[in-house]
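Structural overview for review
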Amino acid sequence: MTDQAVGTGHLPPEAAGRAAPAGSGRVPVDGADTVADRPSSTVPAKPRTPPVAGAPGEGPDPSGADGPELSEAELSEAEGRELPGADGPEPSEAPEAGGEQGTGASAPPVPGSPGPALPATVSPAAAPPASVFTDSAPSASVSTDSAPPTSVPPASVPSASGAPHETLPVAGPAPAGPPVTAPAAAVPEPSAPPPSPSPVSVPAPPVEAPSRSGPCDAPSSEASPAARSVTPPRPTAPPSVAPPRPADHALPTRGLLGRSRELKALRADIERAGLDTLSGRKSPRSRVLLIAGRPGCGRTALAEELLRTLSGTYPDGVFRARLSGPDGTPVPTGDVARGLLTALGAAVPAGSDDDEPAEALRAELAARRAVLLLDDAPGADHVEPLLPDAPDCLVVVVSEGPLTGIPDVRPCTLGGLDGAAAVALLARFAGPVRITVDPRSADSVIEECGGQPAALVLAGGWLAARPKASVSDLRTALRAVEIPDELPLGERPLYRAFHLAHDGLPPSTARTLRLLSLAPPGLVDAHTTSALAGCTVETAKATLADLAALGLLHREADEADDGASSPGTATGPRHRLPGCLAVRAAELLRTHERPAEVQLARARMLERTVRLLQSCRGSGEPPGSPAWERAEALPFALRFPSRAAAAAWLHRRRAALLDAARLAVSDGELDTLDRRLIATLVRALMAHEGPTAAAGDLYALHELVLEVAERRGLGREKAAALLNLADLDGGAGRTEAALTRYRGALEAARSAGDAVATGRALESLGGTYSELGDWQRAADWYGRALELRLSRGETADAARLHGRIGGAHGRAGRWPEALKEWRAAARTSRRLGDLAGQARATAEVARVQERAGRPEEALRTSLEALHTARGAGEAGLEAGLQLRIADLLDGLGDPAAARLHRAAGEQLLQDHPK
């Protein structure tokens, strides 16, 4: 696949001549069987998909993956260029060697960055980690209990006008390669098999897999409950004790504590007859169960435990989606539905509105027996459109409040744990001895924590890190945490426990915890942490292990099948910062860190993500290609061991990467890095998913580029983004929307002085009017594009456009005009030395003559075309002409000659079946 400058809309003439614009209406005069319809260098087949462009600055990383990557001085320099209103001319990158087109390159926002910057987000596996915080998660995330689909090799598809154009704008002009597009796929997460046979499903876009651990879960066996050294939060707390390292300390066991009554009630509600059934009618919709409670009460953990016990009852799979982001912002219903449809393996037209994906989702689930988990639902309005019209399906909704307006919902409201379960949870961390010798203090701690599992886990982690501290010390430390007067009573226990845990961390670890709130869906790995904190990857791994041991992070299920444990891989264990803690960490980040330091951390994270995507994309390209060689030149820690490992990494982190792009664009501070990230993500999606599977994601990425281009006044990038979006609209049947975008692209290209994008827009308008059957307007727009090509000396494109104008006139029955254009196409092809193109154009002249009622002239012209086709070695074209000549001879009363030509044509078809 030839690279193109993402979104620059800048196409080289030679690229434009290679593919006929789809939608540009290369329409044969006489249906699909016409000679001109066969493959030709002059009149290519009609495609409609935008091209993909690459990201600038894809050179090898000179510095390695470890260590701080951007200095504060570099940030200052970046701020001068990146902050809104500070747009100056941005550096461009020369075309890449080896025939691969460069990306009108924009330099990273933080010049001189010595190291890569890290992957923005990742998608969790569906298997439950040992943790309690399962109530908040990434925006628009969807996951399934299924393994990731096999990656599809990239396919190059011409654009709607045939002339390829770039995707995703990047500063500076750049040549373009062949077009590409694709429907959106999401990044599903495979889940670890539960005890009973687990249903299998397919991945989805915004991806996320809630944890199955119970509300009282402790850290997993991989993590240790200790940080290197912990200082007391307040003077009243006991002296700090250096906690044991993970290998030295026994780990708590995992499992759901308490909630047996709620779990039993939920299972009973599934079997209970609904109101419709009692009235004698079969329920038209699936059963809806509601698990309600505050974040941190273990509501998602209870939902996951319920699904685990039902895994064998719903053979068509368990599908998960998050309806709110970590900050509580609702995810658009259409995005959630697209993610679930992708998980189900169903295609959704790119760029469709919210109603269409929701309807498609309900239709897809109608004949299935599946479970739908809708987590962090903001309200009934966001749940109701997603409910399947399938009585055999089950929907489990996790929300903070009731679902008013949805009939026959079975609610289960969670509060704090009962005393026995809360004591057992503390004992998991602190051991039974300290709890047994001071039961009253344990009861006081439980009271201070409000019985909330999340708060108890943090308190237990603090105690576990201090083997010599008593439960009474824990109670004293909790009470010493100052509570803001305006904080609601229900949020105070978790606030106390989190601040106690945070204040007891070493300064560097506490800073890292605060910076982790910048990771888009709260999912982090060693590379993300390394880039955010500016430390080495090994240090980041140790920090993540310590934070997980203290209950501040979950460790997600291992990803053995994507090469996580292989040497030279960019993957690794992932952890989640729970949403209920991410909010508190973000508050502390604003009060403890300077804005410049936060921006620097973001820049490092985006830059690392770009480099990981470059490595991922290179792993999907053939060995020896420029992209593959650039990936091989990256530091060892940033490389993937195989194409399959890279595809699995992209598959699982796809939704998180899309979230990273959205958040980076909405932030508006580092637009150059944003565009590099988007460009590289497009390339990686095309390399591993192909145009069909990635079209929906590409549509979203083009919209992000359009937003940046309009904000920064980048005309070339705006034109390219509009062209790509218009191609996708046309391919999805939204012709009027495509026309509007093509006109907008034409205006933007003209204002930017981009002649290539102008020609691309003119041809696309002609192709769109051809699809609408408005042949007069189609010929007019093709004529304008022809004038531009001739003025630029682009003869090959001129020959193609002569043929398109001739085809439009022929369809309208204007024979003289059609003959004139097809003859011009034949003359131009002859001057170029393109015998095949000359033969095809001549054959079309003969067809027009036949249609105009001049069979003798058509016969002579067909024989001329036959002679030219033989000289060009075009056996397929020669066979078609032989059969056409036979038909003409039959009409002229010479059946003997007709039989000879027909036999020759049939023999050619047998000898050359292709």
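Calculation criteria
Each chain has its residues counted from 1, running along the sequence as written. Confidence filtering applies because this is a predicted model: local features only for residues at pLDDT of at least 70, side-chain atom pairs given and counted only at 80 or more, and all residues used for totals across whole chains, interfaces and linings. Side-chain measures were taken over the full set of non-hydrogen atoms in the model, leaving aside hydrogen atoms and water. Strands are runs of DSSP state E lasting at least 2 residues, helices are runs of H or I lasting at least 4, and numbering of each runs from the N terminus. Think of it in three bands: with a 1.4 Å probe and only protein chains considered, a residue is buried below 20% of the maximum accessible area for its type, exposed above 50%, and partly exposed in between. Note on definitions: a residue-residue contact is assigned when non-hydrogen atoms from the two residues lie within 4.5 Å. A helix is expected to span 1.5 Å multiplied by its residue count minus one. Note on pairing: two strands pair once DSSP finds at least 2 bridges between them.

**Observations regarding the overall build of the protein chain**
- Each helix and strand in the protein chain was counted, giving 34 helices and 9 strands.
- Across the 914 residues of the protein chain, 62% fall into the buried class.
- Restricting to contacts in the protein chain with at least 6 residues of sequence separation, those with at least 24 account for 78%.

**Focus on helix α26 (residues 735-752)**
- In this model, α26 (18 residues) spans 25 Å end to end at C-alpha, consistent with the 26 Å of a helix rising 1.5 Å per residue.
- All of the buried residues along α26 are Thr735, Ala738, Leu739, Arg741, Tyr742, Ala745, Leu746, Ala748 and Ala749.
- Of the surrounding secondary structure, the elements contacted by the buried residues of α26 are α24 (695-712), α25 (715-731), α27 (755-771) and α28 (775-791).
- Downstream of α26 by a residue or two, Gly753 has a phi angle that is positive, lying close to 70 degrees.

**With respect to the sheet that holds strand β7 (residues 523-524)**
- One open sheet accounts for 3 strands, arranged β7-β9-β8; its pairing is antiparallel. Each edge of the sheet is formed by a strand with only one pairing partner; in this case those strands are β7 and β8 (554-555).
- As paired elements, β7 and strand β9 (residues 575-576) share 2 bridges and run antiparallel to each other. Looking at β9, one finds that Val524 is bridged to His575.

**Here's the deal with the pairing of strand β5 (residues 394-399)**
- Burial analysis of β5 places 6 of its 6 residues in the buried class, which makes it a mostly covered element.
- Neither face of β5 is exposed, since Leu394, Val396 and Val398 on one face and Val395, Val397 and Ser399 on the opposite face are all buried.
- Pairing geometry for strand β2 (residues 287-292) and β5, over 6 bridges, is parallel. Note on β5: the bridge partner recorded for Arg287 is Leu394.
- Bridge analysis of strand β4 (residues 371-377) against β5 gives 5 bridges, and the strand direction is parallel. Pairing of Leu372 across the sheet is with Val395, part of β5.

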